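Below, each chain spelled out in residue letters.
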Amino acid sequence: DGGSASSCGHSPMTVIAAALVPGSPLPLLKPENLPWGRIATACQRVGRAIAATRPDTLMIYSTQWMAVLDQLWQTRPHVSGLHVDENWHEYGEMRFDMRIDTELAYGCVAESARIGVQSKAVNYDAFPIDSGTIAADAFLNPDGKFALLLASNNLYHDWDTTWKLGALAARVADQQNRKVAVIGVGGLSGAMFREPVEIRDDRISRDSDDKANRRLLDLIERADVAGIRAFLPEYNETASPDMGMKHLAWILGALDGRFFGARTHGYGPTYGAGAAAVEFRL
């Protein structure tokens, strides 16, 4: 069981912060639009909370960095460039400049066979960094002071495998004496509007999605991990969430399924889909 409490085995002093933030670039690209601006402000609050813990590295898993053959880990020491989102290009470009924790990344590659996962290091000039990772880094690491561990979302990995990957990353961080913040980057309910809408009136596209999102957030806020796992099948059926909420599995795996609660700094729509900025209490 990927949710077993014994799956992690790292010091509680290793993971010193945790957060769930949206993968949509809309709050970053157009914060002047009030519904998205509220989420942007919430992400900035989460970023300040993380900075106060002074981590060495942000361990980021974004649902938008999709892989198929292997589990990929970014190992190029410095990645920078200009990115235009494939869906929201009309709102402008996203500049990024990231320092990668290569030692931690290579450690994860080396250790992943222990959990039955084939991993590969990625070190290519101009390798495409996804919108979710860029948006999260912009909000949580605006001055670039923290190194990053970037882990891909292998489309064939399920919730439990992703939980084990989060646990693996935390365990390697512990072996390397890192203090880390674990970040899951992705959305909640997945149904976006299929027709043009007035963005200032953006809302969650379906009432059933909104209800399901709020129930999941309540379970997270109450640190009810058993309740989260029990609700996931219904939530996936009702709300078609971003990648089955594997970004939440990454967080919970790194936390060994243990935290004391959470604060939702902001919840709202990103063109009909659900998004939230959540700070975990460790």
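Structure's up top.
Residues numbered from 1 in each chain as written. Predicted model: local features only at pLDDT ≥ 70, side-chain atom pairs only at ≥ 80, totals over all residues. Heavy atoms only, no water.

(A) Expanded view of the overall build of the chain. Assigned secondary structure in the chain consists of 8 helices and 10 strands. Each of the three principal axes of the chain carries a C-alpha extent, and together these read 50 × 40 × 35 Å. Per-residue burial for the chain yields a buried fraction of 56% across its 282 residues. Positive and negative charge centroids in the chain, built from 28 and 34 side chains respectively, lie 5 Å apart. (Helix = DSSP H or I, 4+ residues; strand = E, 2+ residues; numbered from the N terminus. Buried < 20%, exposed > 50% of the residue type's maximum accessible area, 1.4 Å probe, protein only. Lys, Arg positive; Asp, Glu negative; His and termini not counted. Charge placed at Lys NZ, Arg CZ, Asp CG, Glu CD.)

(B) Region of the structure containing the pattern of salt bridges. Per the counting criterion, the structure on display carries 12 salt bridges. Asp70 is paired through a salt bridge with Lys120; the nearest N and O atoms lie 3.3 Å apart. Placement of Asp70 in the loop between β2 (57-67) and β3 (71-74) and of Lys120 in strand β6 (residues 119-122) is noted, with a sequence separation of 50 residues between them. When the shortest N-O distance is used, the salt bridge between Asp160 and Arg229 registers 2.9 Å. Taken together, the residues span a long stretch of sequence, with Asp160 in helix α5 (residues 159-175) and Arg229 in helix α7 (residues 225-239) at a distance of 69 residues. Linked through salt bridges whose partners overlap, the residues forming this network are Asp101, Glu103 and Arg178. (Salt bridge = Lys/Arg side-chain N within 4 Å of Asp/Glu carboxyl O.)

(C) Representation of the nonpolar core. Grouped together as the largest cluster of nonpolar side chains are 47 residues, with contacts concentrated most on Met59, Trp250 and Phe280. Counting residues per element, this core draws most heavily on α5, at 8 residues. Other than its neighbours up to four places away in sequence, Met59 contacts Leu104, Leu149, Ala169, Ala170, Ala173, Val180, Ala181, Val182, Ile183, Trp250 and Ala254. By size, the runner-up hydrophobic cluster in this structure holds 36 residues, among which are Cys43, Ile50, Ala181 and Ala277. (Core = buried A, V, L, I, M, F, W, Y, C linked by side-chain atoms within 4.5 Å. Contact = heavy atoms within 4.5 Å.)

(D) Highlighting the pairing of strand β7 (residues 147-154). Buried residues dominate β7, accounting for 8 of its 8 residues. In the sheet, β2 pairs with β7 via 7 bridges, with the strands oriented parallel. By the bridge assignment, Met59 is partnered in β7 with Leu149. (Pairing = 2+ DSSP bridges.)

(E) Fine view of the packing of aromatic side chains. Applying the stated rule across the entire model yields 7 aromatic pairs. Plain terms: the ring middles of Trp73 and Trp250 are 6.3 Å apart, the flat faces sit at 45° to each other, and that makes the pair tilted. Taken together, the residues Trp73 in strand β3 and Trp250 in helix α8 (residues 246-254) connect sequence positions 177 residues apart. For Trp73, a relative accessible area of 0% gives the class buried. (Phe/Tyr/Trp six-rings, centres within 6.5 Å; stacked < 30°, edge-to-face > 60°.)

(F) Highlighting the environment of Phe139. Mapped onto the secondary structure, Phe139 falls in helix α4 (residues 131-140). Using a relative accessible area of 10% as the deciding quantity, one classes Phe139 as buried. Distance from Phe139 to Val46, taken between C-alpha atoms, is 8.3 Å for residues 93 residues apart in sequence.

(G) Representation of the pairing of β3 in the model. Of the two faces of β3, both are covered, the one formed by Gln71 and Trp73 as well as the one formed by Leu72 and Gln74. Pairing of β3 with β6 involves 4 bridges; the strand directions are parallel. Residue Leu72 lies in a different strand from β6, and its bridge partner there is Lys120.

(H) Local environment of the side chain of Gln74. Tracing the backbone through its elements, the reader meets Gln74 in strand β3. Of note is the side chain of Gln74, whose polar atom sits 3.1 Å from the backbone nitrogen of Arg76. In this view, Gln74 contacts Trp65, Val79, Ile100, Ala105, Val122, Asn123, Phe127, Ile129 and Leu150; residues no more than four positions away in its chain are not counted. (Polar contact = N/O pair within 3.5 Å; in protein donor to acceptor, adjacent residues only side chain to side chain.)

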